[in-house]
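# Topology and contacts: notes
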Amino acid sequence: MNAPLPEAIRKSIESVSLDDKYTLDRGRAFMSGVQALVRLPMLQRARDVAAGLNTGGFISGYRGSPLGGYDQALWAAKKHLAVNHIVFTPGVNEELGATAVWGTQQLDLYPEQKKYDGVFGIWYGKGPGVDRSIDVFKHANMAGTAKHGGVIAIAADDHVAKSSTAPHQSDHVFKAAGFPTFFPSDVQGILDMGLHAIAMSRYSGLWAGMKTIQEVVESSSSVFVDPDRIKIVTPEDFTMPPGGLHIRWPDAPLEQEARLMDYKWYAALAYVRANKLNHNVIATPQDRFGIIASGKAYNDTRQALADLGLDDATCRAVGIRLHKVNVVWPLEATITRDFALGLQEILVVEEKRQVIEYQIKEELYNWRPDVRPNVLGKFDEPEGDASGGEWSRANPSDMWLLRAKADLTPAIIAKAIAKRLKKLGLAPAGSEVAAKMDARIAVIEAREKALGVTTGGGAERAPWFCSGCPHNTSTRVPEGSRAVAGIGCHYMAVWMDRDTASFSQMGGEGVSWVGQQPFTKDKHIFANLGDGTYFHSGSLAIRQSIAAGVNITYKVLYNDAVAMTGGQRVGERPEGHSVLQIMNSLVSEGVRKLVIVTDQPEKYEGVALADGVTVHHRDELDAIQRRFRELEGTTVIVYDQTCATEKRRRRKRGTLATPDKRVVINELVCEGCGDCGQQSNCLSVEPVETEFGRKRRINQNTCNLDYSCVKGFCPSFVTVEGGTLKKP
């Protein structure tokens, strides 16, 4: 009880710091998954130095949920990165970031000019960014990595489209590019599997993919940060070809392809095998029912087993074997067969479309019938039907067992496990295990039923623009016109009364009109395009519209920050990307007409503008749009107003002055017509019930001092200058 603490722990407690997650040499540190991705290259550098190598690191990519704050975390840790010879340069978009990372591996082609023995690279991007980068991924993967380099491509997947225009799953794209794909299940796994991914990349000459999702990368825990925690085992059962597997020049395409298909993937499999990256967690020789899972699905499976009352000891007694997969593609066959040996049935638990399930079926297909288990995953087997399962039915969607759409929950998995255990006779009716499972399932179903009652009849609360958001005004279109949406906060206009319908992928804003205009009676549309998207790839959409000669007005919504991912400056550089730079670029592209609309026209006084460009107050937006829709060709309105959330951040930091004016509503004068809310579309204009009926009031806590609510010219509005709010 009173034994003295080990010296290393005592010193750690005495000098504890918020920077421990980046500075502790050994022991445990508390960090989030995003912070683990910041620490990962530092650990790799430390391992290399210990091995006598002088390496550097390079990180590039493009932010997106759930890695929306990764770039900010990297910037915050810049002094720690610099000490470890790690350079962070965000990409203008995902594919250019990937190209920059590819360049780090090409340093081996110029050995006499190298400053380092090698440079390891990390690319990051949201699922749609993975999609758009597949061309560079394929080329870079075929070319290969450097001997002391290595690359990890980190995908941020949004399985339920929580902050995306579509759900996405990067596993299949990584597979198409030929990337061995890791899927860690926790923060410690991000560090451990990240180090293995770099080591595998160096050994095999392949880029390694790593899949992250919100439930893992946004979680936090205390993890071990010892650089030598991971013991890398070099495969002994794989023979390298003459010349090895690394990048070289010259290197013909067919030679690259042959090296990839004859050796690289099998080198990666040998690495998985040697380091036992996939392994049994619960196992006995008597097991009959196997469960295989990875990533979040593995965590949900453990929770499902616990919810059913199946702890490790009970699983062993019942005959349940649990297998954890860290590398989901390619699935190493000998480990998989060892897991399957003696089993009667295997349940594959994975979210979205099948990755592991199809591989395990292929690997076991030619196994002896007397030892080959039945494999289920997405679909259940019809009662009494042994004709082929999923592919024997015209539409098997009435037989979902573990659905591919949306995501999986512990409750869904628990019900699937209980059903299959009973079917196999491992939990016979009347047994203690069956009774316990039935009781737990009853609780789960009661909770689901109660949740359905409480949510089924309630009003759905749609996401909305923030109080004072520029998009409250900028996304309006004149009566008789329509608009198309794009990627960004302004996308929410599609479910508001804004005559805005349909959208495109990031960088395709408005280009759908090129295909529509020749075949429709409409003469013109508006297209919303965010400033971050413009810098990312949206400028090409405007170029396409100009080239096609269509009649369209782009509203470039300049909010001075990428608000959706944390308020980063537009342009991936400290000084940002200005309205004037956008103006000059678009004028040189050949837009028919361009104007600047802003809430602060005075800030453009004395500013040199391009010929024909004028500045207008936002109150003139409707008139300008009516004029522009009559013009032929591509026109642009640059709407300049700072993001309301970013204004609030800057005011709290003292970098932006708070206006000395407040708006209040005299409830005795207010007639409750709601015109102020219609004019401003602002959430801070709230209904309030009084003895005289429903009135309106301004929520002073959420008000961002935009003042657009006064456009209604209502006598109940009072502006107070020089006053301060009373403290509650």
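## A word on the packing of helix α15 (residues 333-340) against helix α16 (residues 356-365)
Contact geometry for α15 and α16: axes closest at 10 Å, N-to-C directions at 80°. The angle between α15 and α16 falls in the class roughly perpendicular. Contacts between α15 and α16 involve A333, T336, R337, F339 and A340 from the former and I360, E363 and L364 from the latter. Its residues assigned to classes, the contact of α15 with α16 comprises five nonpolar, one polar and two charged.

## Thoughts on the sheet that holds strand β16 (residues 525-530)
Across the sheet, six strands lie side by side as β15-β16-β17-β20-β18-β19; this open sheet has parallel pairing. Two strands in the sheet have a free side with no partner beyond their single neighbour: β15 (483-484) and β19 (614-617). Pairing between β15 and β16: two bridges, direction parallel. Looking at β16, one finds that V484 is bridged to A527.

## As for the layout of surface pockets
Volume-wise, the second largest pocket comes out at about 690 Å³. Every residue lining the second largest pocket is counted, 27 residues in all, and those nearest its centre are R476, R498, Q678, Q679 and N681. When residues of the lining of the second largest pocket are traced back to their parent elements, those giving at least two are α23 (621-628), α25 (675-680), β22 (685-690) and β23 (693-698). For the lining of the second largest pocket, the class distribution of residues is nine nonpolar, seven polar and 11 charged.

## Some remarks on the packing of helix α6 (residues 94-105) against helix α8 (residues 134-143)
Interhelical geometry of α6 versus α8 gives an angle of 10° and a closest axis separation of 10 Å. Classed by the angle they form, the pair α6 and α8 counts as roughly parallel. For the pair α6 and α8, contact is made by E95, A98, T99 and W102 and by V136, F137, H139, A140 and A143, respectively.

## Some words on the sheet that holds strand β7 (residues 208-213)
One open sheet holds the seven strands; their spatial order is β3-β2-β4-β5-β7-β6-β12, and the pairing between them is mixed. Two strands in the sheet have a free side with no partner beyond their single neighbour: β3 (86-88) and β12 (327-329). Pairing of strand β4 (residues 118-126) with strand β5 (residues 151-157), which is carried by six bridges, proceeds in the parallel orientation. Note that in β5 the partner of I122 across the bridge is I152.

## Examining the environment of I152
Mapped onto the secondary structure, I152 falls in strand β5. Classification of I152 by relative accessible area gives buried; the value is 0%. Remark: the alpha-carbon pair of I152 and V556, spanning 404 residues in sequence, is separated by 34 Å. Setting aside its immediate chain neighbours within four residues, I152 contacts L40, G121, I122, W123, G194, A197, I198, A208 and M210.

## Here's the deal with the packing of aromatic side chains
By the definition in use, this model includes 14 aromatic pairs. Through pairs of rings, three or more aromatic residues link up here, namely W123, F137, F174, F179 and W207. Between the NZ or CZ atom of K21 and the centre of the ring of Y22, over which it lies, the distance is 5.3 Å. A cation over a ring is seen here: R63 above Y62, with NZ or CZ 4.9 Å from the ring centre.

## Topic: the nonpolar core
Core analysis: the largest hydrophobic core is formed by 70 residues, its most contacted members being V38, L67, Y70, I346 and I360. When residues of this core are assigned to their parent elements, the largest contribution, nine residues, is made by helix α10 (residues 187-204). Grouped together as the second largest cluster of nonpolar side chains are 35 residues, I282, L305, L402 and I441 included.

## Regarding the side chain of D380
Residue position: D380 is located in the loop between β14 (374-376) and α17 (410-424). Taking the relative accessible area as the measure of exposure, D380 reaches 6% and is therefore buried. Polar contacts involving the side chain of D380 include one to the side chain of R420, which spans 3.0 Å. Ignoring sequence-local partners within four residues, the contact set of D380 consists of M399, W400, L401, K419 and R420.

Conventions adopted
- Residues numbered from 1 in each chain as written.
- Predicted model: local features only at pLDDT ≥ 70, side-chain atom pairs only at ≥ 80, totals over all residues.
- Heavy atoms only, no water.
- Axes fitted to C-alpha atoms, helices over the stretch in contact; angles between N-to-C directions.
- Helix = DSSP H or I, 4+ residues; strand = E, 2+ residues; numbered from the N terminus.
- Parallel < 35°, antiparallel > 145°, perpendicular 65-115°, else oblique.
- Contact = heavy atoms within 4.5 Å.
- Nonpolar A, V, L, I, M, F, W, Y, C, P; charged D, E, K, R; others polar.
- Pairing = 2+ DSSP bridges.
- 1 Å grid on protein atoms, 1.4 Å probe; cavity = no way out; pocket = protein on both sides within 12 Å on 5 of 7 lines; lining within 4 Å.
- Points joined across faces, edges and corners; volume = space filled by probe spheres on them.
- Buried < 20%, exposed > 50% of the residue type's maximum accessible area, 1.4 Å probe, protein only.
- Phe/Tyr/Trp six-rings, centres within 6.5 Å; stacked < 30°, edge-to-face > 60°.
- Lys NZ or Arg CZ within 6 Å of the ring centre and 35° of its normal.
- Core = buried A, V, L, I, M, F, W, Y, C linked by side-chain atoms within 4.5 Å.
- Polar contact = N/O pair within 3.5 Å; in protein donor to acceptor, adjacent residues only side chain to side chain.

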